[in-house]
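# Reading the structure
Each chain is listed here by its residues.
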Amino acid sequence: MGVSIENLTDHLGAEVRGADLSAPVDAETRARLNRAFSERGVLAIRGRKLAPAQMLDAVRVFGEVFVQHNTTFALPECPEIHYISNQDKYPDGKRYIPGAGWHTDHSNDVRPPKATVLHAVTLPSSGGDTQFANMTAAYEALPDATKQRLEGRMAIHVYQNSHSTRKLMGLPDAAKERVPNAVLHPIARVHPETGRRSIYVNPIRIEGIVGMDHKEALPLLDELLEHATSERFQYRHKWEPGDLVIWDNRRLLHKANGDYDMNEMRYLYRVMLKGSVPA
Ligand code: SIN
């Protein structure tokens, strides 16, 4: 394959062209793609529409498939893949835009997914970008006093915290049984491959910080989020038909934008890849 890989910003993201993920990927291309993923955190692989089974084969180039929590969104014909759609409604009738707020995926798992992969199936004519924020660069830019404040601190992650204004869709009963009630993860986690530290916050999932009362913890979490999502740490992905985008949840936050005409459809397939216990 004549595969080209170009950086998208100076600190994050690479665009891959010429990789045909609808066919088996040779060992050399597999190694190049994994190296680029490890170095750049986000890969935007331009391509063509993949059927669900082809997408699963494609993402296995990067790791093993993780079982996502909310089975409401599983494709009946291929449950390892969930869909992202702007056509679903909350029980009160309001439109549900999945991922419309900064977050990292499934941090309420003991072993949160190392990566998430989206594949564009139907896109609006404009808008609906996905933004990414580089939590490693954000951590490294923190004042030393803040780094010391985070040292050894653990956050309590739940499915849906009690103070977020953004609400998730509820879990079906069967899924509730296998999703942990609460897990603890470090607020500054070390990346298992790069050895660098990243801020690991999640506004919708963190209930609080162990040993710190809410009056201190919530403003600290807000301060970290504001710092970490400033424009200098971001890459904003503008979707093209057939894109397959993979990102590293261990060192990025991401967010969907519901800024387009809701009469138009935005529909993507989503797969997650198994990760390890954050340290
Ligand atoms: C997500 O947060 O998983 C979805 C992001 C998007 O739709 O852009």
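Look above for the structure.
The paragraphs below set out a description of the structure included in this document. (Residues numbered from 1 in each chain as written. Predicted model: local features only at pLDDT ≥ 70, side-chain atom pairs only at ≥ 80, totals over all residues. Heavy atoms only, no water.)

Attention shifts here to the sheet that holds strand 10 (residues 183–186). The strand order across the open sheet built from three strands is 10-9-13, with neighbouring strands paired in antiparallel fashion. Looking at strand neighbours, the two that pair on one side only are strand 10 and strand 13 (206–209), the edges of this open sheet. Across this sheet, the average inter-strand angle for adjacent strands is 30°, counted without regard to direction. Taken together, the three bridges between strand 9 (residues 154–157) and strand 13 define a ladder with antiparallel strand orientation. Bridge pairing links I156 to G208 in strand 13. (Pairing = 2+ DSSP bridges. Helix = DSSP H or I, 4+ residues; strand = E, 2+ residues; numbered from the N terminus. Axes fitted to C-alpha atoms, helices over the stretch in contact; angles between N-to-C directions.)

A few words on the sheet that holds strand 8 (residues 130–134). In space, the three strands of this open sheet follow the order 14-8-16, with antiparallel pairing throughout. Whereas interior strands pair on both sides, the edge strands pair on one side only; in this sheet they are strand 14 (234–237) and strand 16 (252–256). Looking at each pair of strands side by side, their axes are set apart by 20° on average, direction ignored. In this structure, strand 8 lies alongside strand 14, joined through four bridges in antiparallel fashion. Bridge pairing in strand 14 links T130 to H237.

Core analysis: the largest hydrophobic core is formed by 40 residues, its most contacted members being L21, L43, I45, M55, F62, I81 and I246. Looking at this core, the elements with two or more residues in it are strand 2 (14–17), helix 1 (27–40), strand 3 (42–45), helix 2 (52–59), strand 6 (78–85), strand 7 (115–122), strand 15 (244–248) and strand 17 (267–273). For L43, the residues in contact, after removing those within four places along its chain, are A14, V16, L33, A36, F37, F62, L244, V245 and I246. Judged by nonpolar contacts, the second largest core, of 23 residues, contains M135, V201, L220 and A228. (Core = buried A, V, L, I, M, F, W, Y, C linked by side-chain atoms within 4.5 Å. Buried < 20%, exposed > 50% of the residue type's maximum accessible area, 1.4 Å probe, protein only. Contact = heavy atoms within 4.5 Å.)

What follows deals with the pattern of salt bridges. Considering all chains together, one arrives at 18 salt bridges under this definition. Among the salt bridges present, the one from E15 reaches R46, with a minimum N-O distance of 2.9 Å. Highlighted residues: E15 in strand 2 and R46 in the loop between strand 3 and helix 2, separated in sequence by 31 residues. Across the pair, exposure class does not vary: E15 and R46 are buried alike. Ionic contacts of the salt-bridge type, sharing partners, join the residues E15, R17, R46, E240 and D243 into one network. (Salt bridge = Lys/Arg side-chain N within 4 Å of Asp/Glu carboxyl O.)

Function cannot be read off these values alone, since they describe shape.
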